[in-house]
Amino acid sequence: MKTIKAAIIGYGGMGGWHADRIREMDKFELAGVWDIDPARLELAESRGIHAYGSLEELLADEEVELVTIATWNDVHKPLAIQAMRAGKNVISEKPVTMTSEDLDDMIAVAKETGKLFTVHQNRRWDDDYLTMKNVVDKNVLGKVFRIESRVQGSRGIPGDWRKEKGHGGGMVLDWGVHLLDQALTLCDDDKLESVWAHVTHITNDECAAI
Ligand SMILES: NC(=O)c1ccc[n+]([C@@H]2O[C@H](COP(=O)([O-])OP(=O)(O)OC[C@H]3O[C@@H](n4cnc5c(N)ncnc54)[C@H](O)[C@@H]3O)[C@@H](O)[C@H]2O)c1
């Protein structure tokens, strides 16, 4: 069976999770990682993971077929486009990017290059969501006219880049995209007609929380 070589851009918390998952799958091999933070590259090497010297070096590695992107949200778009243009298939972390227009540009490059481009919407496999999807799909409740979904926590948004608007911070782009994705895929036969939202914040000044 052919092994697919994958590389990760952004070796932070989630990039580490990507690395662990890639390394435990027989079909995949982790070629290495790239991060703008030298400390993260050192950490990768201490864990036996190859650290590329630059993004360009990673993208020039002809053995790498798949790139996963786990950086701050504001750079998913340029990195995904650069990787696809370098001939790589791409899985981006959520939120795929900051605006719908950005996503249109990314999809256009995927079509132009013929590369696979998708998003890690992992909460489509959560047990609570799958239970409700089963209930809706099997029409257990009759016609569903209202869905309530929430995430609760006690510490607010983490105090890192997630507090900064410029990096794509805030709860809407963090957890919100999971909840919206779940709501949309729960009623995927229905056409979305309008959206209304009231957003506010308590623990930070720059970014809204739902
Ligand atoms: N699917 C999920 O359940 C889930 C969970 C957590 C995080 N995420 C997503 O993963 C991404 C990363 O989140 P995190 O929690 O790992 O953040 P993090 O801060 O722990 O890691 C981000 C890393 O990206 C690096 N980075 C930033 N810009 C870069 C660039 N241009 N090139 C290379 N590296 C760069 C940073 O140095 C940092 O090490 C975010 O998009 C977040 O939304 C998804």
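Here the structure is a predicted model, which means the values were calculated and not measured.

The rules behind these values
Residues numbered from 1 in each chain as written. Predicted model: local features only at pLDDT ≥ 70, side-chain atom pairs only at ≥ 80, totals over all residues. Helix = DSSP H or I, 4+ residues; strand = E, 2+ residues; numbered from the N terminus. Rg over C-alpha atoms; globule rule 2.2 N^0.38 Å. Buried ≥ 20, exposed ≤ 12 C-beta atoms within 10 Å, placed from the backbone. Near = placed C-beta within 6 Å. Nonpolar A, V, L, I, M, F, W, Y, C, P; charged D, E, K, R; others polar. Domains from an automatic or database assignment. Core = buried A, V, L, I, M, F, W, Y, C linked by C-beta atoms within 7 Å. Contact = placed C-beta atoms within 7 Å. Pairing = 2+ DSSP bridges. Axes fitted to C-alpha atoms, helices over the stretch in contact; angles between N-to-C directions. Right-handed = clockwise from strand over helix to strand, strands pointing away.

Section: the overall build of the protein chain
- Looking only at helices and strands, one finds seven helices and five strands in the protein chain.
- Written out in order from the N terminus, the α and β elements of the protein chain read β-α-β-α-α-β-α-β-α-β-α-α.
- What you see for the protein chain is a C-alpha radius of gyration of 19 Å, in line with the 17 Å of a compact globule of 210 residues.
- Dimensions of the protein chain, computed from the C-alpha atoms along their principal axes, are close to 55 × 45 × 30 Å.
- The buried share of the protein chain, taken over its 210 residues, is 27%.

Comments concerning the site of the ligand
- In the vicinity of the ligand, 24 residues are found, and the nearest of them are G10, G12, G13, M14 and E93.
- Per-element accounting of the shell around the ligand gives the leading share, three residues, to helix α1 (residues 13–24).
- Within the shell around the ligand, the residues separate by chemical class into nine nonpolar, eight polar and seven charged.
- Three or more residues apiece are contributed to the shell around the ligand by two domains, here domain 1 (4–120) and domain 2 (123–186).

Side note on the nonpolar core
- Among the nonpolar cores identified, the biggest contains 28 residues, and A7, I8, V33, L58, V67, A80 and V90 are the most heavily contacted of them.
- Residue assignment for this core shows that the elements contributing at least two residues are β1 (4–9), α1, β2 (28–34), α2 (38–46), α3 (55–60), β3 (66–69) and α4 (76–85).
- Filtering out sequence-adjacent residues up to four positions away, A7 remains in contact with A31, G32, V33, L58, D61, V64 and V67.

Observations concerning the sheet that holds β1
- Taken in spatial order, the five strands line up as β2-β1-β3-β4-β5 in an open sheet, and their pairing is parallel. The strands lining the two open edges of the sheet, one partner per strand, are β2 and β5 (117–120). Here the average twist between neighbouring strands, direction ignored, is 25 degrees.
- Pairing of β1 with β2 involves six bridges; the strand directions are parallel. Within β2, the residue paired with I9 across the bridge is W34.
- With respect to the sheet, α1 is in contact with β1, β2, β3 and β4 (89–93), its orientation differing from that of β2 by roughly 155 degrees.

As for the pairing of β3
- Here four bridges tie β1 to β3, and the two strands are oriented parallel to one another. When the sheet's bridge partners are listed, A6 is paired in β3 with L66.
- One ladder, built from four bridges, connects β3 with β4; its direction is parallel. Looking across to β4, one finds that T68 is bridged to I91.
- In this view, the connection linking β3 to its parallel neighbour β4 by way of α4 has right-handed handedness.

Some details on the domain arrangement of the protein chain
- The domain architecture assigned to the protein chain consists of domain 1 (4–120) and domain 2 (123–186).
- In this structure, domain 1 and domain 2 have C-alpha centres spaced 24 Å apart.
- Contacts between the two partners involve six residues from domain 1, matched on the other side by seven residues from domain 2.
- Across the side of domain 1 that touches domain 2, the residue classes break down as three nonpolar, one polar and two charged.

Quick look at unusual backbone geometry
- Omega for the peptide link from K94 to P95 comes to -10 degrees, which places this bond in the cis form.
- As for its placement among the helices and strands, P95 is situated in the loop between β4 and α5 (100–113).
- The phi dihedral of N139 falls on the positive side, at around 60 degrees, and the residue is not glycine.
- Position of N139 among the secondary structure elements: in the loop between α6 (127–137) and α7 (171–186).

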